[in-house]
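Okay, here's what each chain looks like letter by letter:
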Amino acid sequence: MTTMNAAVVTTFDEPPHYQQFEVPRPRTEHELLVDVLAVGLHPRVRSGARGAHYTSTGALPMIPGVDGVGRRADGRRIYFLADDDAPGTMADQALADTRRSIELPDAVDAAKVAAAMNPAMSSWVALRRRVPLQPGQSVLVLGATGNAGTMAVQVAKRLGAGRVIGAGRDPERLNALPALGADAVVQLTDDADATAHALATAAAEVDVVIDYLWGAPAQQAIPALLKARQDRSRPLDWIQIGAITGPTIELPSAALRSANLRLQGSGQGSVSPAGYRAELPSLIDEIAAGTIAVTPDPVPLRDVERVWTEPDVPGQRIVLIP
Ligand SMILES: NC(=O)c1ccc[n+]([C@@H]2O[C@H](COP(=O)([O-])OP(=O)(O)OC[C@H]3O[C@@H](n4cnc5c(N)ncnc54)[C@H](OP(=O)(O)O)[C@@H]3O)[C@@H](O)[C@H]2O)c1
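Residues numbered from 1 in each chain as written. Predicted model: local features only at pLDDT ≥ 70, side-chain atom pairs only at ≥ 80, totals over all residues. Heavy atoms only, no water.

A. Spatial organisation of the overall build of the protein chain. Within the protein chain, the regular secondary structure consists of 9 helices and 15 strands. Relative to the 2.2 N^0.38 estimate, which gives 20 Å for 322 residues, the radius of gyration of the protein chain is 20 Å and therefore close to what a compact globule would have. Dimensions of the protein chain, computed from the C-alpha atoms along their principal axes, are close to 65 × 40 × 35 Å. Taken across its 322 residues, the protein chain has 51% of its residues classed as buried. (Helix = DSSP H or I, 4+ residues; strand = E, 2+ residues; numbered from the N terminus. Rg over C-alpha atoms; globule rule 2.2 N^0.38 Å. Buried < 20%, exposed > 50% of the residue type's maximum accessible area, 1.4 Å probe, protein only.)

B. Geometry of the pairing of strand β4 (residues 67–71). Most of β4 sits inside the fold, with 4 of its 5 residues counted as buried. As defined by bridge partners, strand β3 (residues 31–40) adjoins β4 across 3 bridges and the pair is classed as antiparallel. When the sheet's bridge partners are listed, Asp-35 is paired in β4 with Arg-71. The pairing of β4 with strand β5 (residues 77–81) spans 5 bridges and is antiparallel. Residue pairing across strands places Gly-70 opposite Ile-78, the latter belonging to β5. (Pairing = 2+ DSSP bridges.)

C. Highlighting the sheet that holds strand β13 (residues 261–265). Spatially, β10-β9-β8-β11-β12-β13 is the arrangement adopted by the 6 strands of the open sheet, whose pairing is parallel. At either margin of the open sheet sits one strand with a lone partner, and together these are β10 (184–187) and β13. Each neighbouring strand pair of the sheet contributes to a mean axis angle of 15°, computed without reference to strand direction. Helix α2 (residues 110–130) contacts β11 (208–211), β12 (236–240) and β13 of the sheet and is inclined by roughly 145° relative to β11. Where helix α6 (residues 215–228) meets the sheet, it contacts β8 (138–142), β11, β12 and β13, and its direction lies at approximately 170° from that of β12. (Axes fitted to C-alpha atoms, helices over the stretch in contact; angles between N-to-C directions. Contact = heavy atoms within 4.5 Å.)

D. Summary view of α2. The first and last C-alpha atoms of α2 sit 28 Å apart over 21 residues, in line with the 30 Å expected at 1.5 Å per residue. Of all bends in α2, the biggest is about 40°, found at Met-117, and the proline Pro-119 comes one to four residues later. (Expected span 1.5 Å × (residues − 1). Bend = angle between axes of the 7 residues up to and from the residue.)

E. Examining the site of the ligand more closely. Residues in contact with the ligand amount to 20 residues; listed here are only the nearest, Thr-145, Ala-148, Arg-169, Asp-170 and Ser-266. Contact distances for the ligand include 2.8 Å between an oxygen atom and a side-chain N or O atom of Arg-169. Within the contact set of the ligand, an oxygen atom lies 2.7 Å away from a backbone nitrogen or oxygen of Asp-170. Protein chains shield 78% of the accessible area of the ligand, which is 910 Å² for the free molecule. Only α2 and α3 (147–158) provide two or more residues apiece to the shell around the ligand. Looking at the shell around the ligand residue by residue, the classes come out as 8 nonpolar, 9 polar and 3 charged. (Near = heavy atom within 4 Å. Polar contact = N/O pair within 3.5 Å; in protein donor to acceptor, adjacent residues only side chain to side chain. Areas by Shrake-Rupley, 256 points an atom, 1.4 Å probe, with all protein chains shown as cover. Nonpolar A, V, L, I, M, F, W, Y, C, P; charged D, E, K, R; others polar.)

F. Spotlight on the nonpolar core. By size, the foremost hydrophobic cluster in this structure holds 51 residues, and its most contacted members are Tyr-79, Val-113, Met-117, Met-121 and Leu-127. Of all the elements in the fold, those that place two or more residues in this core are β5, α2, β8, α3, β11 and α8 (273–289). A per-element tally of this core places α2 first, with 13 residues. Dropping the residues within four chain positions of it, Met-121 is found in contact with Tyr-79, Leu-81, Ala-116, Ala-126, Tyr-276, Leu-280 and Leu-283. Val-23, Val-299, Trp-308 and Ile-318 belong to the second-largest nonpolar core, a separate cluster that totals 27 residues. (Core = buried A, V, L, I, M, F, W, Y, C linked by side-chain atoms within 4.5 Å.)

G. The side chain of Asp-211, seen in detail. On the secondary structure map, Asp-211 appears in strand β11. Although Asp-211 is buried, it makes no salt bridge; Arg-169 carries the closest opposite charge, 13 Å away. Among all residues touching Asp-211, those that are not within four sequence positions of it are Leu-142, Ala-218, Trp-238, Ile-239, Gln-240, Ile-241 and Gly-242. (Lys, Arg positive; Asp, Glu negative; His and termini not counted. Salt bridge = Lys/Arg side-chain N within 4 Å of Asp/Glu carboxyl O.)

H. Layout of the environment of Arg-163. Within the element layout of this structure, Arg-163 appears in strand β9 (residues 163–168). Sequence spacing of Arg-163 and Thr-245 is 82 residues, and the spatial spacing of their C-alpha atoms is 25 Å. Ignoring any residue separated from it by four or fewer positions in sequence, one finds Arg-163 in contact with Gln-137, Ser-138, Val-139, Asp-183, Ala-184 and Ala-202.

I. Geometry of the pattern of salt bridges. Tallied over the full model, the rule gives 17 salt bridges. Close ionic contact of Asp-312 with Arg-46 constitutes a salt bridge, the shortest N to O distance being 3.0 Å. Within this pair, whereas Asp-312 is found in the loop between α9 (304–309) and β15 (317–321), its partner Arg-46 is found in helix α1 (residues 43–49), the two being separated by 266 residues in sequence. In this structure Arg-46 comes out as buried when scored by relative accessible area, which is 15%.

J. Highlighting the packing of aromatic side chains. The tally for this structure, following the rule as stated, stands at 0 aromatic pairs. When the ring centre of Trp-308 is taken as reference, the NZ or CZ atom of Arg-46 above it lies at 5.7 Å. (Phe/Tyr/Trp six-rings, centres within 6.5 Å; stacked < 30°, edge-to-face > 60°. Lys NZ or Arg CZ within 6 Å of the ring centre and 35° of its normal.)

K. Structural detail: the packing of α2 against α8. Relative to each other, α2 and α8 sit at 120°, their axes nearing to 9 Å. Here α8 runs oblique to α2, going by the angle between their axes. In the packing of α2 onto α8, the handedness of the crossing is right-handed. Of the residues in α8, those touching α2 at Lys-112, Val-113, Ala-116, Met-117, Ala-120, Met-121, Trp-124, Val-125, Arg-128 and Arg-129 are Gly-275, Tyr-276, Ala-278, Glu-279, Leu-280, Ser-282, Leu-283, Ile-284, Glu-286 and Ile-287. Taken together, the residues that form the contact of α2 with α8 break down as 13 nonpolar, 2 polar and 5 charged. (Parallel < 35°, antiparallel > 145°, perpendicular 65-115°, else oblique. Left-handed = near helix turned anticlockwise from the far one by under 90°.)

This is the structure:
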């Protein structure tokens, strides 16, 4: 048996350990074994490694990592998405499906691509595949202070939004958003009434909401925005993307009858693998061109256990380097 170094989850209540693991073998004509160059430690990866993501099967041991940058045997670098049923990418080597990978331009930095693709793809795919954004439409990003939310502000502008409002918790990160394209910001605080009022004042007339929070903030924001809309029959497209503040909400039926609220999500399942694949080239181009700001925090893969439990530095994404 040939082995490699990998981050290995052996039980869902412990972080992965850096240990030896069998090198995976390509299973189909579409799979290649690649040398892994950089892998982002995204929230999605942490939830998968806890067995808590909606795609989790409960099978152990597992290698975490849902995407990465790798080098093919011919020397070319690719960005690739791991298949759900393949070992993950946090290892010296991983399986790349040629149908879910794309060659990288020479100039683009591997760590930047590994850091940016997952958070940036969330809004890029949502605004191109789920609710194609029309030029000039206005967008509220609920949860705009995280990596994905901050990128969503930039993505919305890049895709032609007329007005973008960022709503988030951390005041410092919130105040950095206008320089990245936000036209207005709203601070989310523990004062639910004041927050609802501020959201209604700034964002009642938006066309699209990109929601990374769900839970209490979304539950309070939906009626606040709908009640303040001048024309309630005008569509409000609410795209559910993350559940940072809770997996469920209570939604009064009247919210759906009294306004034209169109609620949908964007993620693995609601967008097909082919749909994601089709969006990779254009998003890589944006990252290579620097239109989406990204700050990778490169860490050797051997330190995976240590960084797994440390709090993230806001605005940075840990990237593991085998
Ligand atoms: N569906 C998809 O396609 C897709 C793709 C990528 C990511 N996601 C999901 O999107 C979410 C965000 O991902 P990410 O990469 O941006 O993660 P991240 O960089 O870790 O950001 C998480 C942010 O959540 C904010 N937050 C935490 N508690 C909060 C609260 N009570 N109220 C308001 N904000 C709060 C924090 O903001 P503060 O700094 O203000 O505290 C933090 O910056 C995750 O749930 C992830 O799984 C979904």
